[in-house]
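Here's the letter readout for the chains.
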Amino acid sequence: MNRRDFIQLSGMGLGAMMGSSIPVLGNIVTADHLLEPAADVAFKKRMADIALNATKSRGATYTDVRIGRYLQQYLFTRENKVQNIVNAESYGVGIRVIANGTWGFSATSDVTPEGIAKCAETAVAIAKANSKIQKEPVILAPQKGVGEVSWKTPIQKNAFEVPVQEKIDLLMKVNSEAMKNGAGFVTSNLFLVNEQKYFASSDGSYIDQEVHRIWPTFTVTAVDKAAGKFKTRDAISSPMGMGYEYLDGLASEKIAAPNGLVGYRNSYDMVEDAIMAAKQAKEKMTAKSVMAGKYDLILDPNHLGLTIHESVGHPTELDRVLGYEANYAGTSFATLDKWKTKAFNYGSKQVNIVADKTQPHTLGTVGYDDEGVPCKEWDLIKDGILVNYQATRDQVNILGENASHGCCYADNWNSVQFQRMPNVSLRPGKEKLSVFDMIKGVEKGIYIIGRGSYSIDQQRYNFQFGGQLFYEIKNGEIVGMLDDVAYQSNTQEFWNSCAQICDKDDYRTFGSFFDGKGQPSQVSAVSHGSSTTRFNGVNVINTGRKI
Amino acid sequence: MSVILTESEAKTLLEKVLKYSKADECEVNLSGEIRGNIRYARNEVSTSGALTNQNLSVQSAFGKKVGVATIDEFDDASLEKVVRRSEELAQLAPENPEYVGLLGPQTYIKSNGYFDSTASVSPDTRAEAVSKSLKLSREQKLVAAGFLEDQKGYSAMMNSKGLFAFYKSTNVNFSLTVRTEDGTGSGYVAKGYSDVNKLDTAAATKIAMQKSLGSKGARALEPGKYTVILEPTAAVVLLENIYYDMDARSADEGRSFFSKPGGKTKLGEKIVDERVTFFSDPMHPELPAASWSGDGLPQEKMMWIEKGVVKNLSYSRYWAKEKGVKPIPSPNNMIMTGGTATLEEMIKSTQRGILVTKLWYIRSVDPQTLLQTGLTRDGTFYIEDGKIKYPIKNFRFNESPIIMLNNLEMLGKTERVVSTESNQNYMVPPMKIREFTFSSLSDAV
């Protein structure tokens, strides 16, 4: 049996019956239950072999088996109250086969020899049934078996082992400090994920992996009831591929930024950020409304990450380029003919964008993807030119390559794996440059921090982004806070307006914890690294309205 | 045991669960559903699958300490285990000051959203429905990508104070994007029904094909304010942002569009054109819904906005108690009253305007004004002197549905639509709006 439920976020009003929600997979259990060990590797290998033999004897030419235990612990609080603590576990097996040149997939929570044999049989039957309407057989890139191997997110402190009370104490401290510093309301959340995944394939791979992810976040609201006005400021944390050590708030991982702002690298000080957020939400109430026009934008990594995600990450997904997502997420402007010219100027010369699933502390990093491919790093945009895409084993042949990029992922054992985004990051500038020096060179600009409203068309040309904090720059200096800011641009024009990138000392990652794709929809988590970057002459609109 | 239980089977199971309870109060929610889907792209079936969910959720309370545990196995040992686990979680939980205790027995009207036709959809009928669509797109050398998903399910609840509720429903959603081979034209259609017999995939495919071919050779218009005719599929993704916000608590707290200076709310105020009425009704023949909400409160016909005036905001049981008013549950469906105009009449009466058939990637820009941004997609057309003149390139818009409903010109007949943002079904009419704000052009097709 499968369970996929949704936690509704607080304050959604009628949204309780609607879509905006956080997916929860599996059964709700106690926190202690999450610490119980997974089934041992020898058992999982035995079960996997049953599946591999069963599908082979029924005519499958390729099989992979994923035995997965997916654990989630989500904490929700507002002001001085704990709203919800969700401990969820989902355990089962997904079997994917190629028979008659066609994919088939089936999944079951019955992880027994009988359950697996039956599931394997169904997977082959589905492949054979679908093969009748399939015109072109699947071409799978070769992947040598890697034998029996294991991989684990290099964490220092397993967040699931930290007592729930300690986590609540932290969130309560975050809330009380925000309230003390002028917040009218505050919600804070902690999202923890642990995937215990065993993968086996007919190529001879038996891969045992344990993946950890963490996302602390909050929203502070300042309210002026008399004026009927409110402003919010969200956390500038990033979801990470780390353990609870991310919340240590190490001074060595902080980056001083202009106007007393702080950037966080691989360690986050949630209380400090909440205090700043409360003060800044109040400041936003009286900030000057922006004058629409062209500005040079200085984009902080905690903001730029989402722009990279939407305008580079999604358009370079090969399945979108080919039309597989046409009915939902859309297609892509970064078509194969543009790539084939080897001269398509995606961005200016300093734009180097890399895909990777190996960078420490990031959400996309694993040892092997969900079709057993060892993970690696490769260029998507080199010196401004589009040079590659993100592909899976059944797609790379289209690019003339014979090894997968390792971009296959399923959000649960009962979901079929498909192409998902690796980390997609902008390489830092080669020359020494701090954000302070960058701002000094700007005559008329806006410095933008944090993730705000975002929207982009289905081929990823036209986008509009907001943010959390906007500071006006005049003649090399920050002169005050702005409100009602959003910028609009065209992807190619925007990346070609990239003028300067700060050096590696400023480099940080941004992350998306619940990135949705596919029908039925699946989530995935992905990071985007960058240093603060300058874009010249971008169109800024004023989003203020009077009703 | 079958995944979809009858009312009496559900009742027996729930009674058994409650017998294990040692808590002060206990509430049990039970649900089961079977979903089947088929997905296609590039004129080929890409994936297909079936999913079975069944779930039992137990909420135990000791005073104001509340714990919830869930399970998907219904043997006696599992049932007892889940009750004990919820009690354990409740004992460990901090007091929830917002816990208001359980409701006693309630009377519900009988609504029906279950159709045997939909419940008996098989992989074969699903494939057949899709093959009708594929045949048409292949013949016309157009490229189709679509998704068909059907669902049958039930939900039930019972609590230690004697409340019992049961509802069975079916649903089918079909969506399709048809693109021209050269990628210069694209059309879309989405249909949602409780009764699959109403779904005609061939007819729906013809609509998407017509829009696809009709949108070839789009010309660029200057961004700016235009009169627009929004087809229901386009209108609904903006309107649902009003529905989402109609909560009394956030309005009272001063942090919603429905808040007003001086700490008041817009309850009782006229906020949009007087031809605008939104209501919910579990008995609606085209959009049936459960007659009870998640906390057990009865759902009856409820006006939310009537003749432009805010009539009700939802009050959770906790917030209603705080404010000393009657609780009003969030609705299980939403219907906007329509007018009499046909789409053709709306076009005919337009001197200069734009027909928008779909909007995409809607995001809130400013919750204070409900300002939304997004883009037109899959068929946008220029109207001049009462006629569709030519297809136009897509626009980005920045507009508030509140401003939009104040600029209402005409309303058409209400029909059932699927939101491409939330996947929810609603009843919404096509509408003609003046001075809709398009802020930039997009090259996307």
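Computed from a prediction, not measured in an experiment: that's the story for all the values here.

## Re the overall build of chain A
Line of reasoning, step 1. The helix and strand inventory of chain A stands at nine helices and 30 strands.
Line of reasoning, step 2. Computed over its C-alpha atoms, the radius of gyration of chain A comes to 24 Å, within 12% of the 24 Å expected for a compact globule of 547 residues.
Line of reasoning, step 3. With the C-alpha coordinates of chain A rotated into their principal frame, the extents come out at 75 × 55 × 45 Å.
Line of reasoning, step 4. Looking at chain A residue by residue over its 547 residues, the buried ones come to 58%.
Line of reasoning, step 5. Put simply, 74% of the contacts in chain A that link residues at least 6 apart link residues at least 24 apart.

## Quick look at the overall build of chain B
Line of reasoning, step 1. Counting its secondary structure elements, chain B contains 10 helices and 23 strands.
Line of reasoning, step 2. The C-alpha radius of gyration of chain B comes to 24 Å, within 12% of the 22 Å expected for a compact globule of 445 residues.
Line of reasoning, step 3. When the backbone C-alpha atoms are referred to their principal axes, chain B occupies close to 70 × 60 × 35 Å.
Line of reasoning, step 4. Going through the 445 residues of chain B one by one, you find that 54% of them count as buried.

## A short note on the domain arrangement of chain B
Residue and element names in this part refer to chain B.
Line of reasoning, step 1. If you check the domain split of chain B, you get domain 1 (7-128 + 144-171) and domain 2 (217-445).
Line of reasoning, step 2. Put simply, the middle of domain 1 and the middle of domain 2, counted by C-alpha atoms, are 30 Å apart.
Line of reasoning, step 3. Domain 1 puts 14 residues into the contact, and the matching count from domain 2 is 15 residues.

## Considering the sheet that holds strand 5 (residues 164-180) of chain B
Residue and element names in this part refer to chain B.
Line of reasoning, step 1. Reading across from one edge, 3-2-1-4-5-6 is the order of the six strands in this open sheet, with antiparallel pairing throughout. For this open sheet the edge positions go to strand 3 (65-71) and strand 6 (186-193), each flanked by a neighbour on one side alone. Going from strand to strand, the sheet's axes swing by 15 degrees on average, the running direction of each strand aside.
Line of reasoning, step 2. Pairing analysis gives 17 bridges linking strand 1 (residues 25-41) to strand 2 (residues 44-62), with the strands arranged antiparallel. What sits directly across from Glu33, in strand 2, is Asn53.
Line of reasoning, step 3. Strands in contact with helix 1 (residues 7-19) are strand 1, strand 2, strand 4 (142-159) and strand 5; relative to strand 1, the strand with the most contacts, it is inclined by about 135 degrees.

## Side note on the sheet that holds strand 15 (residues 353-356) of chain A
All names here are of chain A.
Line of reasoning, step 1. Across the sheet, which stays open at both edges, the four strands sit in the order 17-16-15-20 with antiparallel pairing between neighbours. Edge positions in the open sheet fall to strand 17 (385-386) and strand 20 (423-426), since each of these has one partner strand only.
Line of reasoning, step 2. Here two bridges tie strand 16 (residues 377-382) to strand 17, and the two strands are oriented antiparallel to one another. Across the sheet, the residue bridging to Lys382 is Ile385, located in strand 17.
Line of reasoning, step 3. Packing of helix 5 (residues 301-313) onto the sheet brings it into contact with strand 15, strand 16 and strand 20, and relative to strand 20 it is tilted by some 110 degrees.

## Quick notes on the interface of chain A and chain B
Line of reasoning, step 1. At the junction of the two partners, chain A supplies 57 residues and chain B supplies 82 residues.
Line of reasoning, step 2. Residue assignment for the side of chain A that touches chain B shows that the elements contributing at least two residues are strand 3 (27-28), strand 5 (81-99), strand 9 (205-224), strand 10 (229-234), strand 22 (454-456), strand 23 (462-465) and strand 26 (485-490) of chain A.
Line of reasoning, step 3. If one sorts the elements of the side of chain A that touches chain B by residue count, strand 22 of chain A sits on top with three residues.
Line of reasoning, step 4. Per-class residue counts for the side of chain A that touches chain B are 26 nonpolar, 23 polar and eight charged.

## Description of unusual backbone geometry
Line of reasoning, step 1. With an omega dihedral of -5 degrees, the bond running from Gln519 of chain A to Pro520 of chain A counts as a cis peptide bond.
Line of reasoning, step 2. With respect to the helices, strands and loops of the structure, Pro520 of chain A is situated in the loop between strand 28 (508-517) and strand 29 (522-530).
Line of reasoning, step 3. Look at Tyr361 of chain B: it is not a glycine, yet its phi comes out positive at around 55 degrees.
Line of reasoning, step 4. Locating Tyr361 of chain B in the fold gives a position in strand 15 (residues 359-366).
Line of reasoning, step 5. Judged by local crowding, Tyr361 of chain B falls into the buried class, with 23 C-beta atoms found within 10 Å.
Line of reasoning, step 6. One non-glycine residue, Leu370 of chain B, lies in the positive phi region at around 60 degrees.
Line of reasoning, step 7. Among the structural elements, Leu370 of chain B can be located in the loop between strand 15 and strand 16 (371-376).

## What to know about helix 5 of chain A
Line of reasoning, step 1. Between the first and last C-alpha of helix 5 of chain A there are merely 15 Å, a value that for 13 residues lags more than 12% behind the 18 Å anticipated at 1.5 Å per step.
Line of reasoning, step 2. Burial of helix 5 of chain A is extensive: 13 of the 13 residues sit out of reach of the surface.

## A word on the pairing of strand 23 (residues 431-441) of chain B
All names here are of chain B.
Line of reasoning, step 1. Inspection of the sheet shows strand 7 (residues 224-230) paired to strand 23 by six bridges, in the antiparallel sense. Residue pairing across strands places Tyr226 opposite Phe436, the latter belonging to strand 23.
Line of reasoning, step 2. In this structure, strand 19 (residues 395-399) lies alongside strand 23, joined through three bridges in antiparallel fashion. By the bridge assignment for strand 23, Phe397 is matched with Phe438.
Line of reasoning, step 3. Pairing geometry for strand 20 (residues 408-411) and strand 23, over three bridges, is antiparallel. When the sheet's bridge partners are listed, Met410 is paired in strand 23 with Lys432.

## Comments concerning the domain arrangement of chain A
All names here are of chain A.
Line of reasoning, step 1. Once the domains are mapped, chain A shows domain 1 (4-223) and domain 2 (288-542).
Line of reasoning, step 2. Relative placement of domain 1 and domain 2: their C-alpha centres are 25 Å apart.
Line of reasoning, step 3. In this complex, domain 1 contributes 34 residues to the contact, which on the side of domain 2 involves 27 residues.
Line of reasoning, step 4. Looking at the side of domain 1 that touches domain 2, the elements with two or more residues in it are strand 2 (21-25), strand 4 (62-78), strand 5, strand 6 (102-108), strand 8 (185-201) and strand 9.
Line of reasoning, step 5. Per element, the largest residue contribution to the side of domain 1 that touches domain 2 is six residues, and it comes from strand 9.
Line of reasoning, step 6. Class assignment of the residues belonging to the side of domain 1 that touches domain 2 gives a composition of 21 nonpolar, eight polar and five charged.

## Examining the packing of helix 3 (residues 164-180) of chain A against helix 4 (residues 270-285) of chain A
Residue and element names in this part refer to chain A.
Line of reasoning, step 1. Close contact between helix 3 and helix 4 brings their axes to 8 Å; oriented N to C, the two are set at 25 degrees. By the criterion of interaxial angle, the relationship of helix 3 to helix 4 is roughly parallel. When you trace helix 3 past helix 4, the crossing you get is right-handed. In this structure, helix 3 uses Leu170, Lys173, Val174, Glu177 and Ala178 to contact helix 4, whose residues at the interface are Met270, Val271, Ala274, Ile275, Ala277 and Ala278.
Line of reasoning, step 2. Classifying every residue of the contact of helix 3 with helix 4 by side-chain character gives nine nonpolar, no polar and two charged.

## Focus on the UniProt feature "domain: Metalloprotease TldD/E N-terminal" (unreviewed entry) in chain A
Line of reasoning, step 1. The UniProt entry lists residues 64-127 of chain A under the feature "domain: Metalloprotease TldD/E N-terminal" (unreviewed entry), expressed in the numbering used here.
Line of reasoning, step 2. Split by type, residues 64-127 of chain A is 23% helix and 64% strand. Its first and last C-alpha atoms lie 14 Å apart.

## A few points about the UniProt feature "domain: Metalloprotease TldD/E N-terminal" (unreviewed entry) in chain B
Line of reasoning, step 1. Residues given the UniProt feature "domain: Metalloprotease TldD/E N-terminal" (unreviewed entry) here are residues 26-90 of chain B.
Line of reasoning, step 2. Between the first and last C-alpha atoms of residues 26-90 of chain B the distance is 11 Å; the span itself is 23% helix and 65% strand.

## Topic: the pairing of strand 10 of chain A
Residue and element names in this part refer to chain A.
Line of reasoning, step 1. Sheet topology note: the strand 9/strand 10 ladder contains six bridges and is antiparallel. In the sheet register, Asp224 faces strand 10, and the bridge partner there is Lys229.
Line of reasoning, step 2. With antiparallel pairing between neighbouring strands as the criterion, strand 9 and strand 10 make up a hairpin whose turn holds four residues, including Gly228 at a positive phi of roughly 65 degrees.

## Examining the confidence of the model for chain B
Line of reasoning, step 1. Scored by pLDDT, chain B has a mean of 95; 100% of the residues are at 70 or more.
Line of reasoning, step 2. ipTM for the predicted complex: 0.93, alongside a pTM of 0.95.

## Examining the confidence of the model for chain A
Line of reasoning, step 1. Taken as a whole, chain A shows an average pLDDT of 93; of its residues, 96% reach a score of 70 or greater.
Line of reasoning, step 2. Between residues 7-20 of chain A, whose pLDDT stays under 50, and residues either more than four places distant or in other chains, the model counts 46 contacts.

## Section: helix 4 (residues 123-139) of chain B
All names here are of chain B.
Line of reasoning, step 1. Its 17 residues place the ends of helix 4 24 Å apart at the C-alpha level, agreeing with the 24 Å of an ideal helix rising 1.5 Å per residue.
Line of reasoning, step 2. The elements touched by buried residues of helix 4 are strand 1, strand 2, strand 4, strand 5 and helix 5 (201-214).
Line of reasoning, step 3. A positive phi of about 55 degrees marks Lys141, the residue just after helix 4.

## Focus: the packing of helix 1 (residues 41-57) of chain A against helix 2 (residues 113-131) of chain A
All names here are of chain A.
Line of reasoning, step 1. Packing of helix 1 against helix 2 brings their axes to within 9 Å, and their N-to-C directions diverge by 35 degrees. Considering only the axes of helix 1 and helix 2, their crossing is right-handed. Facing Met47, Ile50, Ala51, Ala54 and Thr55 of helix 1, the residues of helix 2 in contact are Pro113, Ile116, Ala117, Ala120, Glu121, Ala123 and Val124.
Line of reasoning, step 2. Residue classes in the contact of helix 1 with helix 2 are distributed as 10 nonpolar, one polar and one charged.

Definitions and cut-offs
Along each chain, the written sequence defines residue order, and numbers are assigned to residues from 1. Lettering of chains starts at A and numbering of ligands starts at 1, both following the order in which they are written. In keeping with the model being predicted, local features are shown solely for residues with a pLDDT of at least 70 and side-chain atom pairs are shown and tallied solely at 80 or more, while totals for entire chains, interfaces and linings include all residues. Numbered from the N terminus, helices here are DSSP runs of H or I no shorter than four residues, and strands are runs of E no shorter than two. We compute the radius of gyration over the C-alpha atoms and compare it with the globule rule, which gives 2.2 Å times the number of residues raised to the power 0.38. Comment: burial labels come from other C-beta atoms within 10 Å of the residue's own C-beta, placed from the backbone, where a count of 20 or more is buried, 12 or fewer is exposed, and between is partly exposed. Any pair of residues counts as being in contact when their C-beta atoms, constructed from backbone geometry, are within 7 Å of one another. Those domain boundaries reflect an automatic or database domain assignment. The criterion for strand pairing is that DSSP finds at least two bridges linking the strands in question. Each axis is a line fitted through C-alpha atoms, taken for helices only over the stretch in contact, and angles between the N-to-C directions span 0 to 180 degrees. Residues are grouped as follows: Ala, Val, Leu, Ile, Met, Phe, Trp, Tyr, Cys and Pro are nonpolar; Asp, Glu, Lys and Arg are charged; every other residue, Gly included, is polar. Any helix carries an expected span of 1.5 Å times its number of residues minus one. Working definition: roughly parallel below 35 degrees, roughly antiparallel above 145 degrees, roughly perpendicular at 65 to 115 degrees, and oblique for all remaining angles. Each helix crossing is assigned a hand: it is left-handed if the near helix lies turned anticlockwise from the far helix by less than a right angle, otherwise right-handed if that turn is clockwise. UniProt positions are given in the numbering used here, feature names are shortened, and annotations may be inferred rather than shown by experiment. Confidence per residue, as judged by the predictor, is encoded in pLDDT with a range of 0 to 100.

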